[in-house]
Amino acid sequence: MKNKIKLSAFCITLGSALLLSTPCYSQQHSHGPVYIKAGETTEQIIKKAASVTPSPRQYEWQKLEFTAFIHFGINTFDEVEWGTKNVDISKFNPAEIDVKQWVKVLKDAGAGIIILTTKHHDGFCLWPTKYKELNIAHTPFQNGKGDIVRDLSNACREAGVKFGVYLSPWDMHEDFYGSPAYNTFFLNQLTELLTNYGEIAEVWFDGANGEGPNGKKQVYDWNAYYKLIRKLQPKAVIAVSGPDVRWVGTESGYGRQTEWSVLPGNSSDQEAIAANSQQAQGDGAFIPRDLMDEDLGSRAKISKATSLVWYPAEIDVSIRPGWFYKKSEDKRVKSPYKLVDIYYNSVGLNGVLLLNVPPDKRGLICQNDVEALQGMRYLLDETFKTNFAGNCKATASSQKKGNEAEYMLDDNYDTYWTTDDTLSTASVEIVLNGKQTFDRAMLQENILVGQRIEKFHLEYWDGAQWNRFAEATTVGYKRLLRFPEITTDKIKLVIDQCRTNPTLSSFGVYKAPPEVTFNPGSCSFPDTMTVSLECNTDNSKIYYTLDGTKPTRQSTVYTGSIALDNTRSLSAIAIASDGKTSLPINAVYSKAKYAIEYKTECDKKYPGSGPYTLVDGVNGSAGYDDGKWQGFNGTDVDVVIDLGRVKNINKVSMNFLRDINSFLFLPVNIEFSVSNDNKEYAPLGKITNDENQNNKSVEIKSFSFDAKNISGRYIHIKAVNMGICPQWHKGAGDKAWLFCDEITVE
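It should be emphasised that the depicted structure is a prediction, and the values quoted were computed from it without experimental measurement.

Visitor: Can you lay out the overall build of the chain for me, pointing to particular residues and giving the numbers?
Guide: Looking only at helices and strands, one finds 12 helices and 36 strands in the chain. The C-alpha atoms of the chain give a radius of gyration of 29 Å, which matches the 27 Å a tight globule of 746 residues would have. Here the C-alpha coordinates of the chain stretch approximately 90 × 75 × 50 Å along the principal axes. Taking all 746 residues of the chain together, the buried fraction comes to 57%. Across the chain, every contact between residues at least 6 apart in sequence was considered, and the portion connecting residues at least 24 apart equals 75%. When the accessible surface of the chain is summed, it comes to about 30,200 Å², and 47% of that surface belongs to carbon and sulfur atoms.

Here you go:
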């Protein structure tokens, strides 16, 4: 569903929810917009911002923290991100499909909602819609009787997981796309999805708005879509191009370090906002706009607002490089540690993580993805199973009766600590149950009262003085912090700046499992090299193997740098003194087959696995960013390899990657020459690339030269770059890339 082109479509359709679905319950805490009157001071506006709260549906959604996307459709079988208007759906037949496996895998990982791509931009529908023929009923799947929307919604309901739908507004297949009739068609399809499949928890719209078969673009009737959803599924949040949930602005899984859920609700049509403010269904005031700035809700931003709204961030990312399954990406699934890092930078930054996990052509989630999710869940569960501050003694510099500091340590979100209304700074000292060692912290504001904290820090007592060890800005529903190990029996939380009196529903400190790192990581080397292993936790033992097998307590104990003189697959685990165990990590160290000299240098962004990438015997995948390819931006590839002695040469080959959507082209030609002394070279020949460069398929192309019993020690290879992207290309005039990998000599 996503790629670089599509991001621009998101940018122009994202917007602030200028009005939510429920009216204000009180003057102090508002679910709807808060209006700024002319002449109000900055301090008055700041106080109003502190009173904005989520609607019930937004609050229920925020509590889920982690949700899942399922991208599945005809694109799965074509192995593309975006299909075409003329897709062949006869190949759609996931013979081993098991939607209950999807649900179990994602529920076990912690996902609270599963959102299905019921229809992507190509127009193919995963349910037997009566409004178009390009649907699952016209495929071989289950003899035309299949309905994946039905099956998945039922499986979610049975497992106690919420179900959501993605319905692409863009439909490149429909002839009447780009006309008023399309909005009626879209409403009819929405009605089918919202009335035939039980409760829908989230309706997910992106802003893609390409051309239909007639060359026209559609003017979407967003307000009609929202009105229908509110009528048929009143508990559902409408996400991204919708009034309840906004897109964070990237598809990396990483949110802002300062993430406000209270944003300016600026509009050029204040009369429309006012008219809608008296209605339960107030979504007509939603105005799409760009919300990708780094700063969305600071004092400087809201001081200029005409209204304020609650509009939280959803942070999406795929577990693979792409959004639909591709076999070539099976070895490029994000690691458990990467997924945990994403978790801290999404859920831990006041957002909700939306993680895409695409099933394969069989209709199953690939085992590599399953294991990555299991590893992520293990690390999170092991980290947060013990709160060392739980139910400990807390003393606050100020506290309101009924909202004492102890309530932030009682594991109950509904109770919270707050101060007198006049205070915007405060501190809480927490006495732990003896000395504890920890490296994570968690804070939660009570967002049912509002989001208020702007800046805070944490200190520990070393027996003589207080020492700062962590600091951050916003908290919101959840803030997670990581830092080096701290051992202490007292902690101080200091609120440095707050919009009004602060609230905290939860506070905790935790200890994560150890993590092993290799220095250096996977790479290639000429003759010998050494690798050192490091652990982020003191008093941990590291165990390792050199054959790629999983280490155990019976494996070799690491005591110092490991010397390598041959290709090795290194695996390691760490076991901490408290018994917590890391996940195994792996690295491959490949000994180069030949020496190599570069006449031209590769781009620093794409160095592959180092200077011996081209001769290490490890082939790159179809993914240009897999760390195996060297990239040359606008320059030729010009190298000399040294075979070590004069040898008979029968064949020389070199691999290149073509992916013109990523500006990667094949070479114009390749020249080969040979020498015994690296001074005088005799030409072997030249290969001219006569393939059409305007080929959009991603392909690894091997260029080979048959040498016919030529002898030599040095082989000079020069691959000529086209220099700049051609006029027909979207990057016309920009530098073209050459991506090369393995050179082999037979």
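Text resumes after the structure shown.
Visitor: Please set out the packing of helix H11 (residues 336-344) against helix H12 (residues 367-384) residue by residue, giving values where relevant.
Guide: For the pair H11 and H12, interaxial distance at closest approach is 8 Å and the crossing angle is 55°. Considering the angle they form, H11 stands oblique to H12. Considering only the axes of H11 and H12, their crossing is right-handed. Facing Pro336, Tyr337, Leu339, Val340, Tyr343 and Tyr344 of H11, the residues of H12 in contact are Glu371, Ala372, Leu373, Gly375, Met376, Leu379, Leu380, Thr383 and Phe384. Its residues placed into classes, the contact of H11 with H12 shows 12 nonpolar, two polar and one charged.

Visitor: Tell me about the confidence of the model for the chain, and please be specific about residues and values.
Guide: Looking at the chain, pLDDT values average 90 and 92% of them are 70 or higher. Low pLDDT (under 50) marks residues 1-27, which in the prediction has 118 contacts with non-local residues, meaning those over four places away or in another chain. Across residues 267-285, confidence stays below pLDDT 50; counting only partners more than four residues off in sequence or on other chains, it has 32 contacts.

Visitor: Could you give an account of the side chain of Ser261, naming the residues involved and the relevant values?
Guide: Within the element layout of this structure, Ser261 appears in the loop between strand S8 (246-247) and strand S9 (262-264). Classification of Ser261 by relative accessible area gives buried; the value is 1%. A distance of 3.1 Å separates polar atoms of two side chains, one belonging to Ser261 and the other to Asn350. Contact partners of Ser261, with chain neighbours within four places excluded, come to Arg246, Val309, Trp310, Tyr311, Pro312, Asn350 and Gln451.

Visitor: I'd like to hear about the sheet that holds strand S3 (residues 66-70), residue by residue, with values.
Guide: Taken together, the eight strands give an open sheet; going across it, the order is S7-S6-S5-S4-S3-S13-S12-S8, and neighbouring strands pair in parallel fashion. With partners counted over all chains shown, the strands left at the sheet margins are strand S7 (237-240) and S8, one partner each. Taken together, the six bridges between strand S4 (residues 113-119) and strand S5 (residues 162-167) define a ladder with parallel strand orientation. The partner of Thr117 across the bridge, within S5, is Tyr166. This element, helix H5 (residues 99-109), spans S3 and S4 of the sheet and lies at about 155° to S3. Along the sheet, helix H8 (residues 222-232) makes contact with strand S6 (202-205) and S7, crossing S6 at roughly 165°.

Visitor: Could you give an account of the sheet that holds strand S24 (residues 529-535), with specific residues and numbers?
Guide: Overall, antiparallel pairing links the three strands, which are arranged S22-S24-S27 in an open sheet. Looking at strand neighbours, the two that pair on one side only are strand S22 (516-519) and strand S27 (562-564), the edges of this open sheet. Strand-to-strand, the axes of this sheet are offset by a mean angle of 30°, without reference to chain direction. Alignment of S24 against S27, held across three bridges, turns out to be antiparallel. Among the inter-strand pairings, Val531 is bridged to a residue of S27, identified as Ile562.

Visitor: Help me get a handle on the layout of surface pockets, residues and values and all.
Guide: In this model, the largest pocket occupies a volume close to 1,800 Å³. The set of elements that each furnish at least two residues to the lining of the largest pocket consists of H11, H12, S22 and strand S29 (585-591). Per-element accounting of the lining of the largest pocket gives the leading share, five residues, to S29. The residue makeup of the lining of the largest pocket, split by class, is 13 nonpolar, 16 polar and 14 charged.

Visitor: I'd love a proper account of the environment of Phe739, names of residues and values included.
Guide: Within the element layout of this structure, Phe739 appears in strand S36 (residues 737-745). Through-space distance from the C-alpha of Phe739 to that of Asp414 is 55 Å; in sequence the pair is 325 residues apart. Filtering out sequence-adjacent residues up to four positions away, Phe739 remains in contact with Tyr606, Tyr624, Trp629, Gln630, Gly631, Asn655, Phe656, Leu657 and Leu664.

Visitor: Describe helix H3 (residues 56-64), listing the residues and the values that go with them.
Guide: If you check which residues of H3 are buried, you get Arg57, Gln58, Tyr59, Trp61 and Gln62. Count one or two residues on from H3 and you reach Glu65, which has phi positive near 70°.

Visitor: Let's hear about the packing of aromatic side chains: which residues, and what values?
Guide: Scanning the entire structure with this criterion turns up 42 aromatic pairs. Considering the side-chain rings of Trp222 and Tyr225, the 5.6 Å spacing of their centres and the 75° angle between planes classify their relative orientation as edge-to-face. With Trp222 and Tyr225 both in helix H8 and three residues apart, this pair spans about one turn of that helix. With respect to burial, Trp222 and Tyr225 carry one shared label: buried. These aromatic residues form a ring-pair network of at least three members: Phe176, Tyr177, Tyr182, Phe185, Phe186, Phe205, Tyr220, Trp222, Tyr225 and Tyr226. Above the face of the Trp461 ring, Lys490 is positioned so that its terminal group lies 4.8 Å from the ring centre. The side chain of Lys701 reaches across the aromatic face of Phe703, ending 5.9 Å from its centre.

Visitor: Break down the side chain of Asn75 for me, citing the residues and quoting the values.
Guide: With respect to the helices and strands, Asn75 occurs in helix H4 (residues 74-78). Not counting residues within four places of it along the chain, the set of residues in contact with Asn75 comprises Val80, Glu81, Trp82, Gly83, His120, Asp122 and Phe324.

Visitor: With reference to specific residues and values, describe empty space enclosed by the protein.
Guide: Under the definition given, this model contains one cavity of 30 Å³ or more. Computed from the structure, the largest cavity encloses a volume of approximately 40 Å³. What lines the largest cavity is Phe72, Gly73, Ile74, Asn75, Thr117, Lys119, His120, Asp122, Phe124, Leu126 and Phe324. Elements supplying a minimum of two residues to the lining of the largest cavity: H4 and S4. Among the residues forming the lining of the largest cavity, the class breakdown is five nonpolar, four polar and two charged.

Visitor: Could you give me a rundown of the pairing of strand S28 (residues 568-575), with the residues and numbers involved?
Guide: The element S28 is largely enclosed, with a buried count of six among its eight residues. Of the strand pairs in this sheet, strand S25 (residues 541-545) and S28 are connected by five bridges, and their pairing is antiparallel. Residue pairing for S28: Thr545 is matched across the bridge by Ser571. As judged from the five bridges shared by S28 and S29, these two strands associate in the antiparallel manner. Bridging from a neighbouring strand, Ser571 pairs with Asn586 of S29.

Visitor: Lay out the pattern of salt bridges with the relevant residues and their values.
Guide: Tallied over the entire structure, the rule returns 37 salt bridges. Between Lys100 and Glu158 there is a salt bridge, and its shortest N-O distance comes to 3.6 Å. With Lys100 in helix H5 and Glu158 in helix H6 (residues 148-159), this residue pair connects regions lying 58 residues apart in the sequence. Of the two residues, Lys100 and Glu158, neither departs from the other in class, the shared state being exposed. Among the salt bridges present, the one from Asp642 reaches Arg713, with a minimum N-O distance of 2.7 Å.

Rules and cut-offs
Residues numbered from 1 in each chain as written. Predicted model: local features only at pLDDT ≥ 70, side-chain atom pairs only at ≥ 80, totals over all residues. Heavy atoms only, no water. Helix = DSSP H or I, 4+ residues; strand = E, 2+ residues; numbered from the N terminus. Rg over C-alpha atoms; globule rule 2.2 N^0.38 Å. Buried < 20%, exposed > 50% of the residue type's maximum accessible area, 1.4 Å probe, protein only. Contact = heavy atoms within 4.5 Å. Areas by Shrake-Rupley, 256 points an atom, 1.4 Å probe, with all protein chains shown as cover. Axes fitted to C-alpha atoms, helices over the stretch in contact; angles between N-to-C directions. Parallel < 35°, antiparallel > 145°, perpendicular 65-115°, else oblique. Left-handed = near helix turned anticlockwise from the far one by under 90°. Nonpolar A, V, L, I, M, F, W, Y, C, P; charged D, E, K, R; others polar. pLDDT = per-residue confidence, 0-100. Polar contact = N/O pair within 3.5 Å; in protein donor to acceptor, adjacent residues only side chain to side chain. Pairing = 2+ DSSP bridges. 1 Å grid on protein atoms, 1.4 Å probe; cavity = no way out; pocket = protein on both sides within 12 Å on 5 of 7 lines; lining within 4 Å. Points joined across faces, edges and corners; volume = space filled by probe spheres on them. Phe/Tyr/Trp six-rings, centres within 6.5 Å; stacked < 30°, edge-to-face > 60°. Lys NZ or Arg CZ within 6 Å of the ring centre and 35° of its normal. Salt bridge = Lys/Arg side-chain N within 4 Å of Asp/Glu carboxyl O.

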